[in-house]
Amino acid sequence: MSFSFALKSVAACALAISASTSFAHIVLADPAALANTGYSAALRVGHGCDGAATTAIRVTVPAGFQGAKPQPKAGWVLSTTVGRLAKPYDNHGTPVTEGVTHITWTATPGNALPDAYFDEFVLRGSLPAEAGTMAFKVLQTCEKGSIDWSDMPAPGTSAHDLKTPAAMLEIIPSDHAGHQH
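Residues numbered from 1 in each chain as written. Predicted model: local features only at pLDDT ≥ 70, side-chain atom pairs only at ≥ 80, totals over all residues. Heavy atoms only, no water.

Side note on the overall build of the chain
Which entries qualify depends on this criterion: Secondary structure elements follow DSSP: runs of H or I of four or more residues count as helices, runs of E of two or more count as strands, with numbering from the N terminus. Throughout, a contact is declared for two residues whenever any of their heavy atoms are within 4.5 Å. We get accessible surface area from the Shrake-Rupley algorithm with a probe of 1.4 Å; when it comes to residues, only the shown protein chains can shield them.
In terms of helices and strands, the chain carries one helix and 11 strands. Listed by position from the N terminus, the elements making up the chain come as α-β-β-β-β-β-β-β-β-β-β-β. Expressed as a percentage of contacts within the chain between residues at least 6 apart in sequence, the contacts between residues at least 24 apart total 70%. When the accessible surface of the chain is summed, it comes to about 9,500 Å², and 56% of that surface belongs to carbon and sulfur atoms.

What about the pattern of salt bridges?
Pairs can form between side chains of opposite charge whenever their charged atoms are close. Note the threshold: We count a salt bridge whenever a side-chain nitrogen from Lys or Arg sits within 4 Å of a carboxyl oxygen from Asp or Glu. The buried label goes to any residue with under 20% of its type's maximum accessible area, the exposed label to any with over 50%, and the partly exposed label to all in between, with areas taken from a 1.4 Å probe on protein chains only.
Scanning the model with the defined rule gives two salt bridges in all. Between K73 and D119 there is a salt bridge; the shortest N-O distance is 3.2 Å. Of this pair, K73 sits in the loop between β5 (66-70) and β6 (76-91) while D119 sits in strand β8 (residues 119-126), and the two are 46 residues apart along the sequence. When its relative accessible area of 26% is taken as the criterion, D119 is described as partly exposed.

Comments concerning unusual backbone geometry
Backbone geometry places N36, a non-glycine residue, at a positive phi of 65°. Looking at the element boundaries, N36 is found in the loop between β2 (32-34) and β3 (38-45). Take N36: its relative accessible area is 18%, and that puts it in the buried class.

Quick look at the nonpolar core
Within soluble globular proteins, side chains that are nonpolar tend to cluster in buried spots. Spelled out, the test is: Residues belong to one nonpolar core when they are buried, are Ala, Val, Leu, Ile, Met, Phe, Trp, Tyr or Cys, and are joined through side-chain atoms within 4.5 Å.
Within the largest apolar cluster, 33 residues are counted, with the highest numbers of intra-cluster contacts made by Y39, L43, F65, L123, F136 and L169. Mapped by element, the contributors of at least two residues to this core are β1 (26-28), β3, β4 (54-60), β7 (94-107), β8, β9 (132-142), β10 (146-149) and β11 (167-172). Once residues lying within four places of it in the same chain are set aside, the contact partners of L43 are I26, V27, L28, V59, D119, E120, F121, L123, F136, V138 and A167.

Topic: the packing of aromatic side chains
Inclusion rule: Ring pairs are drawn from Phe, Tyr and Trp, using the six-membered ring of Trp, whenever the two centres fall within 6.5 Å, and their geometry is named by plane angle: stacked under 30 degrees, edge-to-face over 60, tilted for the rest.
The final tally for this structure, using the stated rule, is three aromatic pairs. Aromatic side chains F65 and F136 sit 5.4 Å apart centroid to centroid with 80° between the ring planes, which places their arrangement in the edge-to-face category. Linking F65 in the loop between β4 and β5 with F136 in strand β9, this pair joins segments that are 71 residues apart in sequence. Owing to a relative accessible area of 5%, F65 belongs among the buried residues under this scheme. Take F136: its relative accessible area is 0%, and that puts it in the buried class. Between W76 and F121, the aromatic rings sit 5.1 Å apart at their centres with planes inclined by 80°, giving edge-to-face as the arrangement. Here W76, found in strand β6, pairs with F121, found in strand β8; they are 45 residues apart in sequence, far enough to count as distant.

Section: the pairing of β10
Cut-off, in case you're wondering: Strands are treated as partners if at least two bridges between them are detected by DSSP.
Side chains I147 and W149 of β10 all project onto a buried face; the interleaved residues S146 and D148 project onto a face where none is buried. Of the pairings in the sheet, the one linking β9 to β10 comprises four bridges and is antiparallel in character. Bridged to T141 within β10 is S146. Joining the antiparallel neighbours β9 and β10 is a turn of three residues, in which G145 adopts a positive phi near 90°.

Description of the environment of K69
Relative to the helices and strands, K69 is located in strand β5. Separated by 31 residues in sequence, K69 and V100 place their C-alpha atoms 7.7 Å apart. Sequence-distant contacts of K69, defined by excluding residues within four places in its chain, comprise L123 and R124.

What follows is the structure, given as structure tokens:
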């Protein structure tokens, strides 16, 4: 598969996926990416919880998402949880068995995300060499209540039918030889 063809495939899949997930409330800005490449997961938060402002976003790093690094956000405290990885991986000959498993952004006083606005929370890492689907589960905490965006579609069904779907990434086959940092 040529790199140009692969990029056109990613663009077509991203358009199709974004159209099907437009009703989801936390989605990936780029819902498709090439296998075995670096990827910036920009999670778009489209609203608060029943009108209440968002005060925290907690992302469960998907198994297979390697070397997760969050992007700091002004007005928000960033924290990570490091633990045993569900899918250990090889990093240039070194086995990696522990890494970031959860990332949390918590608003400082006066910086909660109002229900009427949207924002993005970004983490970066490397995708596995295998094509498939990867789910970014997000717990959105608000001034009143929370929403657990973690529902997974059953095989053969769509995330569109779920009330609180996880943000889904379609990993496209690639002949890309390495990853980007």
